[in-house]
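Chain by chain, the residues:
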Amino acid sequence: MPETRETVLVLDFGGQYAQLIARRVRELNVYCEIRPCHTPPEQLAGCKGIIFTGGPGSVYQPDAPLCSPQVFQLGVPVLGICYGAQVMAQLLGGQVAPTAAPEFGETPVSFSKESGLFAGIPDSICWMSHNDAVAQLPQGFVSSAASQGCPVAAMEDPERKFYAVQFHPEVGHTEHGDAMLRNFLYHICGCRGEWEMGSFTQQTVEALKERLKGKRVLCGLSGGVDSSVAAMLVHRAIGRDLTCIFVDHGLLRKDEGDLVEEVFTREFDMNIIRVNAGPRFLAKLAGVTEPEQKRKIIGEEFIRVFEEESAKLGKMDLLCQGTIYPDVVESGTGQAAVIKSHHNVGGLPEDIGFEGLVEPLRDLFKDEVRRVGLELGIPQQLVWRQPFPGPGLAVRIIGEITAQRVKTLQEADAIFREEVANFGLEREIGQYFAVLTGTKSVGVMGDGRSYGETIALRAVNTTDFMTADWVHLPYELLGKASNRIVNQVAGVTRVVYDVTSKPPATIEWE
């Protein structure tokens with residue numbers, strides 16, 4: 001195990017909630033990491049506990065993802081969740097079979113009053129999502145919970161500290177899920193709860209001071225929360241031996257480039273080089289309408305600009321990146337297929353010219369990064385900055401990118417975000433933005449006919465950005481935003497609201 005801090009490990013069997021389980025554990029002040037289910041048992045030794053995730057398969061299928069049975073010989077408490085519960089039953093001599101009536105959604109469950117996992121928890125609603133269930137208990141186990149359709153909604157072997165639940169305690173729909181996880185962590189695993197963001201910030205700065213002494217570090221600063229917090233941690237450690245290059249590709253939201261420069265140069269005295277490359281990017285994008293081509297052009301041009309500016313600085317020792325834990329997981333840490341390859345995961349090209357990477361946030365989730373940012377004194381408007389794609393507004397403008405179309409979207413998007421804030425919802429929504437749809441429609445402006453652009457507004461809630469539900473925004477908010485956009489943004493005659501969830505749609509339009 002890395003370091004000496006108490007750690008609980010999540011073994012990923014391909015479940016969609018692997019990251020959510022780890023976040024819930026950390027919210028209970030216990031450090032947690034995700035490992036693939038096929039991780040050799042010797043690499044799991046020394047942890048305080050292990051949690052098996054759910055998964056989409058059936059444990060009795062020939063190609064079912066399983067862990068080594070030797071995991072149960074480590075002397076470590078284990079909690080199996082959904083598919084993970086079935087893995088435990090299968091490997092320890094029980095039997096798993098299809099249920100007569102599958103359970104999905106909110107389900108009443110009754111709990112044993114003798115169970116340590118359910119101590120203090122009344123019969124209540126849990127979130128079920130299964131076609132299979134434990135049909136025969138392994139030797140030494142007893143059933144500790146039941147629903148109408150699932151006689152073994154939970155099972156346990158307290159002597160060996162093995163526990164399993166057929167439902168999902170990590171999701172908000174399970175009424176006392178946090179209490180169940182707390183019981184497992186503190187009463188069964190014996191955790192002390194020493195994981196705090198304040199100690200992380202202090203310890204990270206001290207470690208960076210030691211590691212980076214006498215080194216020159218370069219950082220690509222985007223103004224997003226990840227790169228901003230990573231840069232601030234390194235700046236606290238080595239001051240102006242950190243140089244940040246802020247490439248403004250002209251596709252940022254309204255006034256964002258000025259805000260980033262103002263905050264980090266004047267408030268924190270960071271060594272920042274701002275490159276106003278908007279005209280250069282627009283020239284490369286002229287006439288391009290295909291989304292992937294836009295992304296490739298912007299990505300390649302960004303690298304060229306960054307290389308040109310860094311070459312002017314002379315020898316730099318290390319490159320600082322805002323890699324966070326979901327980047328690592330999504331790039332292939334778990335049993336599931338790679339979700340998306342992240343440009344900042346997987347190592348540096350051999351010829352990049354740096355000794356290595358500085359990734360101070362590599363172990364953190366997004367909400368933890370934000371807490372560190374606030375501790376470092378970064379203004380809330382940057383810490384709570386809306387998620388923003390690397391290509392910027394280029395993938396929110398359908399069709400050709402021009403200076404005028406960028407300005408149109410910047411103005412409309414700023415109005416929408418302002419109205420969301422006026423209603424006090426800016427932290428209640430996962431992501432919200434405007435899209436220039438490329439669709440024109442007839443309107444009436446004054447006494448004359450107009451033919452202008454259509455703006456789409458998009459707002460979604462999500463826990464992991466893998467799935468998302470559209471937000472039922474107040475009609476009054478939508479009405480005010482629409483009225484202001486068509487009256488204040490030249491060339492816009494119509495505003496629509498996107499009510500499509502992910503899947504089938506994606507969060508972004510391109």
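Here is what the cut-offs are and how they apply
Residues numbered from 1 in each chain as written. Predicted model: local features only at pLDDT ≥ 70, side-chain atom pairs only at ≥ 80, totals over all residues. Heavy atoms only, no water. pLDDT = per-residue confidence, 0-100. Contact = heavy atoms within 4.5 Å. Axes fitted to C-alpha atoms, helices over the stretch in contact; angles between N-to-C directions. Helix = DSSP H or I, 4+ residues; strand = E, 2+ residues; numbered from the N terminus. Left-handed = near helix turned anticlockwise from the far one by under 90°. Nonpolar A, V, L, I, M, F, W, Y, C, P; charged D, E, K, R; others polar. Phe/Tyr/Trp six-rings, centres within 6.5 Å; stacked < 30°, edge-to-face > 60°. Buried < 20%, exposed > 50% of the residue type's maximum accessible area, 1.4 Å probe, protein only. Lys NZ or Arg CZ within 6 Å of the ring centre and 35° of its normal. Parallel < 35°, antiparallel > 145°, perpendicular 65-115°, else oblique. Pairing = 2+ DSSP bridges. Core = buried A, V, L, I, M, F, W, Y, C linked by side-chain atoms within 4.5 Å. Salt bridge = Lys/Arg side-chain N within 4 Å of Asp/Glu carboxyl O.

### Side note on the confidence of the model for the protein chain
Looking at the protein chain as a whole, its pLDDT mean stands at 89, while 93% of the residues score no less than 70. Predicted confidence is poor over residues 332–350, with pLDDT under 50, and the contacts of this stretch with residues over four places away or in other chains come to 38 contacts.

### As for the packing of helix α7 (residues 278–285) against helix α8 (residues 291–311)
Running from N to C, α7 and α8 cross one another at 145 degrees; their axes reach a closest spacing of 10 Å. With respect to the hand of their crossing, α7 and α8 are arranged in right-handed fashion. Where α7 approaches α8, its residues Arg-280, Phe-281, Lys-284 and Leu-285 are matched on the opposing element by Lys-294, Ile-297, Ile-298, Glu-301, Phe-302, Arg-304, Val-305 and Glu-308. The residue inventory of the contact of α7 with α8, partitioned by class, reads 6 nonpolar, no polar and 6 charged.

### Considerations on the packing of aromatic side chains
The description of two aromatic rings rests on the distance between their centres and on the angle between their planes. Here the structure, examined in full by the defined rule, presents 13 aromatic pairs. An angle of 70 degrees between the planes, with centres 5.8 Å apart, marks the rings of Phe-52 and Phe-72 as edge-to-face. Of this pair, Phe-52 sits in strand β3 (residues 49–52) while Phe-72 sits in the loop between β3 and β4 (78–81), and the two are 20 residues apart along the sequence. Note on accessibility: Phe-52 and Phe-72 belong to one class, buried. Residues Phe-264 and Phe-268 carry aromatic rings whose centres are separated by 6.1 Å and whose planes lie at 35 degrees to one another, so their mutual orientation is tilted. The pair Phe-264 / Phe-268 is uniform in exposure class, with both members buried. Site record: aromatic cluster; members linked through ring pairs are Phe-13, Phe-52, Phe-72, Tyr-83 and Phe-162. Directly above the aromatic system of Tyr-325 lies the positively charged group of Arg-26, at a separation of 5.3 Å from the ring centroid.

### Quick notes on the packing of helix α4 (residues 197–212) against helix α5 (residues 225–238)
Contact geometry of α4 with α5 gives a least axis separation of 8 Å together with a crossing angle of 60 degrees. In terms of their interaxial angle, α4 and α5 are classed as oblique. Two packed elements cross with a definite hand, and for α4 against α5 that hand is right-handed. Contact with α4, carried on its side by Thr-201, Thr-204, Val-205, Leu-208, Lys-209 and Leu-212, involves Leu-233, Val-234, Arg-236, Ala-237 and Ile-238 of α5 and no other residues of that element. Within the contact of α4 with α5, the residues separate by chemical class into 7 nonpolar, 2 polar and 2 charged.

### Digging into the environment of Gly-193
You can see Gly-193 is positioned in the loop between α3 (177–188) and α4. A residue is classified by how much of its surface remains accessible, and Gly-193, at 17% relative accessible area, is buried. Between the C-alpha atom of Gly-193 and that of Gln-488, which follows or precedes it by 295 residues, the distance is 52 Å. Not counting residues up to four positions away in its chain, the partners in contact with Gly-193 are Glu-6, Asn-29, Val-30 and Tyr-186.

### Quick notes on the pairing of strand β9 (residues 162–165)
Successive side chains on a regular strand alternate, one facing one side of the sheet and the next facing the other. Taking every second residue as pointing to the same face, both faces of β9 are buried, with Phe-162 and Ala-164 on one and Tyr-163 and Val-165 on the other. As judged from the 4 bridges shared by strand β8 (residues 154–157) and β9, these two strands associate in the antiparallel manner. Bridge pairing links Met-155 to Ala-164 in β9. Between β8 and β9, which follow one another and run antiparallel, lie 4 residues, and Lys-161 among them has a positive phi close to 60 degrees.

### Description of the sheet that holds strand β11 (residues 242–248)
What the 5 strands build is an open sheet, ordered β12-β11-β10-β13-β14; its pairing is parallel. The two strands at the open ends of the sheet, each matched to only one other strand, are β12 (271–276) and β14 (356–358). Geometrically, the sheet is characterised by an average inter-axis angle of 25 degrees between neighbouring strands, direction not taken into account. Of the strand pairs in this sheet, strand β13 (residues 318–320) and β14 are connected by 3 bridges, and their pairing is parallel. Paired with Leu-319 across the strands is Leu-357, a residue of β14. Those strands touched by helix α6 (residues 256–267) are β11 and β12, and its axis lies near 165 degrees from that of β12.

### Details of unusual backbone geometry
For residues other than glycine, phi is negative in most cases, and the peptide bonds are mostly trans. The omega angle of the peptide bond from Lys-502 to Pro-503 is -15 degrees, so this bond is cis rather than trans. Positive phi is not limited to glycine here, since Lys-161 has a value of about 60 degrees. Lys-161 sits in the partly exposed class, given a relative accessible area of 38%. Unusually for a residue other than glycine, Asp-269 sits at a positive phi of about 55 degrees. Structurally, Asp-269 is set in the loop between α6 and β12.

### Quick look at the sheet that holds β9
Spatially, 9 strands are ordered β2-β1-β3-β4-β9-β8-β7-β5-β6 in an open sheet, and the strand pairing comes out mixed. Of all strands in the sheet, those bounded by a partner on one side alone are β2 (31–36) and β6 (124–136). Each strand of the sheet is rotated relative to its neighbour by a mean of 20 degrees, with strand direction disregarded. Here strand β5 (residues 95–111) runs beside β6; their pairing, made up of 11 bridges, is antiparallel.

### A few points about the nonpolar core
Judged by nonpolar contacts, the single largest core of 87 residues is most densely connected at Phe-264, Ile-455 and Leu-457. Counting residues per element, this core draws most heavily on α5, which supplies 9 residues. Counting 38 residues, the second-largest nonpolar core is a separate cluster that includes Leu-28, Met-128, Val-165 and Ile-188.

### Some thoughts on the pattern of salt bridges
Under the defined criterion, the tally for this structure stands at 35 salt bridges. Between Arg-192 and Glu-6 there is a salt bridge, with its nearest N and O atoms 3.9 Å apart. You can see Arg-192 sitting in the loop between α3 and α4 and its partner Glu-6 sitting in the segment before β1 (7–12), a full 186 residues away along the chain. On the basis of relative accessibility, which here comes to 6%, the residue Glu-6 falls in the buried class. The closest approach of N and O atoms between Arg-295 and Glu-292, which form a salt bridge, is 3.8 Å. Pair noted here: Arg-295 and Glu-292 are both in helix α8, with a separation of 3 residues, about one helical turn. The network of salt bridges with shared partners includes Asp-248, Asp-258, Glu-261 and Arg-274.

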